[in-house]
Amino acid sequence: MSGDTITIFDTTLRDGEQSPGCSMTTDEKMEVAKALVELGVDVIEAGFPIASPDDFKAVQKIAREYGSQATICGLSRCRAEDIDRAGEALKDAEKRRMHVFLATSAIHREHKLKMGKDEIVQRAVEMVERAKGFTDDVEFSPEDAARTELDFLCEVTEKAIAAGATTVNIPDTVGYSTPSHFFNIIRHLKENVPNIEQAVISTHCHNDLGLAVANSLSAIEAGARQVECTINGLGERAGNAALEEIVMAIQTRKDHYKVGTNINTKKLFSTSRLISRITGMLVQRNKAIVGQNAFAHEAGIHQHGMLQNRSTYEIMRPDDVGYVGTNLVLGKHSGRHAFKDRVKHLGYELDDSLVQEVFDEFIALADKKKDVYDSDIIALIEGHVGESQDQWSLDRFHTVAGTDVLPTATLEMRREDSEEVFQDAATGDGPVDAIFRALERVVGIEARLTDYQVRSISSGKDAQGEVMVEINVNDQVFHGKGVSTDIVAASARAYLKALNRAAVEGASGSEGSTEATP
Ligand code: KIV
Ligand code: ZN
């Protein structure tokens, strides 16, 4: 890779997936890995193989399927058993990377590791050497580097490179740094680590102060040539640096950064939607690059300027990021062919029976709603993705609500492994609460609703509503998303999605070990 190309290291499947409620099944991880390959990501951090058998399996599957198209990376603590497990998971990947990390800051040394500086250096060297036994491509991360004494950071970095690390990643683990501070750290390493030219300098910034992207860009200015990031900035707490923001900043301000990436930016919007759908984490409307409002120019003065020349107020074209807006698309007389073409244009490949199913829903929607937009069609398609993994489906429901009645919901459901129809009813504070309780009764899971958000997908009072729920079951968090022109139906779908996720998790017992989580 040339010096003016930034390596994009995506950690959505590792650091992103660690975020509460964002865990993914192996099938979902495969779907994400495929999208990341199509996006043009250079390195995919596929997981933390020692954390659980499911993590191991996912890394192995991704390594086998995509290890010739992107470099597949697995994370390990500086422990022999972690490294051997990661090496085993990655061994079938043509391009594989071992990523080992060990905390170096005084706070972590004293309170977490209870290790002295010499011990840390020795352990890091030994474990980088061990990782080298599995591949030449070894990355070392001094965890909490941004709060590590600079002299010690230089020492660890130099020794890790001498032991064979080909990438040294500088994490701002707790999101404490600021752009000029982070610039100085990277510059200091470049100027004071004698063998620094033998390794690529990488950044890994968390967003606790909202500075993850700014810090990553500062690091690039100081000489870093790899950026670790996640789609939509997914990640624990305030998340990681957002891939789409870094990539578009570099592209839009090439005059300033003078570097490029291998990312196919036209895939950014669809990849963002995929992650949002799979994790159930909504993307805020005004989120840079991939938010629904990112390219909406409402103010009259802006619209006037845009009509004269788009560059008056537009620094990127919506097409550059594959933005799908509220284009008016088809009417109910458009026909199946036109519909199929539109689906293809939106980037979906559906088999004929699914096209027919979604088309029938589209006709039903067009009957209810005056205007059908691209975003409506995407919502219909996405409602079907992943449904084969759901144990429970909702056939029909009925709710009663009003000021002088006890809100009640009755429903009929099916379980994937039986023909039996399950019926139940419940009362609640309102129709949504009643239906949530009825769903819980049938599925047999008691959940606590911890977040509930409703928003419209497009404009107009007949717009489809999108509901996101977050539930807590036995201290585990699950998300679900549902869409309908009827808010109660959208709420029921979202809640059932989250319950289905909880049911799968309970059945497979696939909890990651928190002890092993960095
Ligand atoms: O934030 C962090 O320090 C990490 C390391 C494992 C790289 O995620
Ligand atoms: Zn991290």
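Cut-offs and rules
- Residues numbered from 1 in each chain as written.
- Chains lettered and ligands numbered in written order.
- Predicted model: local features only at pLDDT ≥ 70, side-chain atom pairs only at ≥ 80, totals over all residues.
- Heavy atoms only, no water.
- Helix = DSSP H or I, 4+ residues; strand = E, 2+ residues; numbered from the N terminus.
- Rg over C-alpha atoms; globule rule 2.2 N^0.38 Å.
- Buried < 20%, exposed > 50% of the residue type's maximum accessible area, 1.4 Å probe, protein only.
- Contact = heavy atoms within 4.5 Å.
- Areas by Shrake-Rupley, 256 points an atom, 1.4 Å probe, with all protein chains shown as cover.
- Lys, Arg positive; Asp, Glu negative; His and termini not counted.
- Charge placed at Lys NZ, Arg CZ, Asp CG, Glu CD.
- Pairing = 2+ DSSP bridges.
- Axes fitted to C-alpha atoms, helices over the stretch in contact; angles between N-to-C directions.
- Near = heavy atom within 4 Å.
- Polar contact = N/O pair within 3.5 Å; in protein donor to acceptor, adjacent residues only side chain to side chain.
- Nonpolar A, V, L, I, M, F, W, Y, C, P; charged D, E, K, R; others polar.
- Phe/Tyr/Trp six-rings, centres within 6.5 Å; stacked < 30°, edge-to-face > 60°.
- Lys NZ or Arg CZ within 6 Å of the ring centre and 35° of its normal.
- Salt bridge = Lys/Arg side-chain N within 4 Å of Asp/Glu carboxyl O.
- Donors = N, O, S within 2.8 Å, 3.2 Å for Na, K, Ca; no water.
- Domains from an automatic or database assignment.

## Focus: the overall build of the protein
Within the protein, the secondary structure is distributed over 18 helices and 14 strands. For 518 residues, the compact-globule formula gives about 24 Å, and the C-alpha radius of gyration of the protein, at 24 Å, lands near that figure. Dimensions of the protein, computed from the C-alpha atoms along their principal axes, are close to 75 × 60 × 45 Å. By residue count, 54% of the 518 residues in the protein fall in the buried class. Across the protein, the fraction of contacts at a sequence separation of at least 24, relative to all contacts at a separation of at least 6, is 67%. Roughly 22,700 Å² of accessible area belongs to the protein as shown, and the carbon and sulfur atoms make up 47% of that amount. If you average the places of the 57 positive and of the 82 negative side-chain charges in the protein, the two averages end up 3 Å apart.

## Points about the sheet that holds strand E5 (residues 138-143)
Strand pairing in a sheet relies on backbone hydrogen bonds. The paired strands run either parallel or antiparallel. The strand order around the closed barrel formed by eight strands is E1-E2-E3-E4-E5-E6-E7-E8, and the pairing between neighbours is parallel. Mean inter-strand twist for the sheet, computed between neighbouring axes without regard to direction, equals 25 degrees. With six bridges joining them, strand E3 (residues 71-77) and strand E4 (residues 96-103) adopt parallel strand pairing. The partner of cysteine 73 across the bridge, within E4, is arginine 97.

## As for the site of ligand 1
Taken together, Arg14, Asp15, His99, Phe101, Ser141, Glu143, Asn169, Pro171, Thr173, His204 and His206 make up the full set of residues adjacent to ligand 1. Between ligand 1 and aspartate 15 there is a distance of 3.2 Å, counted from an oxygen atom to a side-chain nitrogen or oxygen. Computed on the free molecule, ligand 1 has an accessible area of 260 Å², of which 96% lies beneath the protein chains in the complex. Among the residues forming the shell around ligand 1, the class breakdown is two nonpolar, six polar and three charged.

## Points about the side chain of threonine 167
Looking at the secondary structure, you find threonine 167 in strand E6 (residues 167-172). Those residues within four positions of threonine 167 in sequence are excluded, and the remaining contacts are Arg97, Val138, Glu139, Phe140, Ala199, Val200, Ser202 and Gln226.

## Brief notes about the sheet that holds strand E10 (residues 408-415)
Pairing is antiparallel in the open sheet, where three strands are placed in the order E9-E10-E11. At either margin of the open sheet sits one strand with a lone partner, and together these are strand E9 (392-400) and strand E11 (421-427). For this sheet, the mean inter-axis angle between neighbouring strands, taken without regard to orientation, is 20 degrees. Across eight bridges, E9 lies against E10 in antiparallel orientation. Its bridge partner lying in E10, threonine 399 is registered against alanine 409.

## With respect to the packing of aromatic side chains
Each aromatic ring pair is specified by the distance between its two centres and by the angle formed by the two planes. Evaluation of the coordinates by the stated rule reveals eight aromatic pairs. Pairwise contacts between aromatic rings join Phe269, Phe295 and Tyr323 into one cluster. Cation over ring: arginine 85 sits above phenylalanine 56, and NZ or CZ is 3.8 Å from the ring centre.

## Considerations on the pattern of salt bridges
Counting across every chain of the model gives 34 salt bridges. The salt bridge partner of glutamate 149 is lysine 117, with a shortest N-O separation of 3.9 Å. With glutamate 149 in the loop between E5 and helix H7 (150-162) and lysine 117 in helix H6 (residues 117-132), this residue pair connects regions lying 32 residues apart in the sequence. Put simply, arginine 415 and aspartate 417 hold a salt bridge, and the shortest N to O gap is 2.9 Å.

## A closer look at the coordination of the zinc ion (ligand 2)
In this structure, Asp15 (OD), His204 (NE2) and His206 (NE2) serve as the protein donors to the zinc ion (ligand 2), at separations of 2.0 to 2.2 Å. In terms of primary sequence, the donors binding the zinc ion (ligand 2) are separated according to D-x188-H-x1-H.

## Overview of the domain arrangement of the protein
Partitioning the protein into structural domains gives domain 1 (7-279), domain 2 (294-323), domain 3 (326-385) and domain 4 (387-507). Here domain 1 and domain 3 have C-alpha centroids that lie 39 Å from each other.

## Things to note about the environment of glutamine 389
Structurally, glutamine 389 is set in the loop between helix H16 (374-382) and E9. Between the alpha carbons of glutamine 389 and asparagine 500 there is a distance of 8.3 Å; along the sequence they are 111 residues apart. Setting aside anything within four residues of it in sequence, one finds glutamine 389 in contact with Thr25, Asp27, Glu28 and Val504.

## Considerations on unusual backbone geometry
A positive phi angle, close to 65 degrees, is found at asparagine 232, a residue other than glycine. Relative to the elements of secondary structure, asparagine 232 occurs in the loop between strand E8 (226-229) and helix H10 (243-252). For asparagine 232, a relative accessible area of 17% gives the class buried. In the Ramachandran plot, asparagine 474 falls in the positive-phi region, its phi being about 50 degrees despite a non-glycine side chain. Judged by relative accessible area, asparagine 474 falls into the exposed class, the value being 73%.

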